[in-house]
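If you want the building blocks of each chain, they are given just below.
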Amino acid sequence: MWKVASRANWDCTYGYPCLFGGDYGAGAYHLEMTCGFYDLGTYSRNDGTGLHFNDWANSARTHGNSMTVYNWDGSKWVDWGTVPAWTNNWQFKLVDQIDGVMINC
């Protein structure tokens, strides 16, 4: 599920891991996700730009569940690591490059 809203940085519904388009939990969009794998290239921003959520995330917050992030290299998903559970303010070192997310439940 994605949300577009005016909100404070790092605002994320309790119980959902979230991705943010900006640094430090900022940005016009954030994604709240439940258990499972998300190919972010299949989720449209629905803002008239035709853009999707792949190559977009810069920061993350987790509530209870860790998330493993992936990059699509053109032929396979490459595991880029896991954001630990209960992490309040994770900054990705490789920004705007995440193509998939597994919410680990």
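Structure's up top.
Keep in mind that what you see is a predicted model, and the values were worked out from it rather than measured. (Residues numbered from 1 in each chain as written. Predicted model: local features only at pLDDT ≥ 70, side-chain atom pairs only at ≥ 80, totals over all residues. Heavy atoms only, no water.)

Caption draft 1: Local environment of the state of the cysteines. Evaluation of the coordinates by the stated rule reveals two disulfides. A sulfur-sulfur distance of 1.8 Å marks the disulfide that ties Cys-12 to Cys-18. Linking Cys-12 and Cys-18, the disulfide has an S-S dihedral of approximately 80 degrees and is accordingly described as right-handed. With respect to class, Cys-12 is no different from Cys-18; both count as buried. In this model, Cys-35 is linked to Cys-105 through a disulfide, with the two sulfur atoms separated by 1.9 Å. Classification of the bridge connecting Cys-35 and Cys-105 rests on its S-S torsion, roughly -95 degrees, and on that basis the disulfide is left-handed. In this pair, Cys-35 sits in the loop between strand E3 (29–32) and strand E4 (36–39) while Cys-105 sits in the segment after strand E9 (100–103), placing the two residues 70 residues apart along the sequence. Described in terms of the sequence order of its bonded cysteines, the disulfide pattern of the protein chain is 1-2, 3-4. (Disulfide = S-S within 2.5 Å. Buried < 20%, exposed > 50% of the residue type's maximum accessible area, 1.4 Å probe, protein only. Helix = DSSP H or I, 4+ residues; strand = E, 2+ residues; numbered from the N terminus.)

Caption draft 2: Spatial organisation of the sheet that holds strand E7 (residues 77–83). What the four strands build is an open sheet, ordered E4-E9-E6-E7; its pairing is antiparallel. Each end of this open sheet is capped by a strand with a single partner; those strands are E4 and E7. With strand direction ignored, the average angle separating the axes of adjacent strands in the sheet is 20 degrees. (Pairing = 2+ DSSP bridges. Axes fitted to C-alpha atoms, helices over the stretch in contact; angles between N-to-C directions.)

Caption draft 3: Spotlight on the pattern of salt bridges. As enumerated under the stated definition, the model contains one salt bridge in all. Here Asp-73 ties to Lys-76 by a salt bridge, and the two come within 2.8 Å at their closest N and O atoms. Here Lys-76 falls in the partly exposed class, since its relative accessible area comes to 47%. (Salt bridge = Lys/Arg side-chain N within 4 Å of Asp/Glu carboxyl O.)

Caption draft 4: Summary view of the side chain of Arg-61. Position of Arg-61 relative to the elements: it lies in strand E5 (residues 59–61). At 2.5 Å, the side chain of Arg-61 forms a polar contact with the backbone oxygen of Trp-10. The residues contacting Arg-61, other than those within four sequence positions of it, are Trp-10, Cys-12, Tyr-16, Pro-17, Cys-18, Phe-20, Met-67, Thr-87 and Asn-88. (Polar contact = N/O pair within 3.5 Å; in protein donor to acceptor, adjacent residues only side chain to side chain. Contact = heavy atoms within 4.5 Å.)

Caption draft 5: Spotlight on the side chain of Asp-99. Relative to the helices and strands, Asp-99 is located in the loop between strand E8 (90–91) and E9. Buried charge Asp-99 goes without a salt bridge, the closest partner of opposite sign being Arg-45 at 9.8 Å. A polar atom in the side chain of Asp-99 sits 3.1 Å from the side chain of Asn-71. Sequence-distant contacts of Asp-99, defined by excluding residues within four places in its chain, comprise Tyr-38, Asp-39, Leu-40, Gly-41, Asn-54, Asp-55, Tyr-70, Asn-71, Trp-72 and Trp-77. (Lys, Arg positive; Asp, Glu negative; His and termini not counted.)

In short, geometric facts, not functional conclusions.
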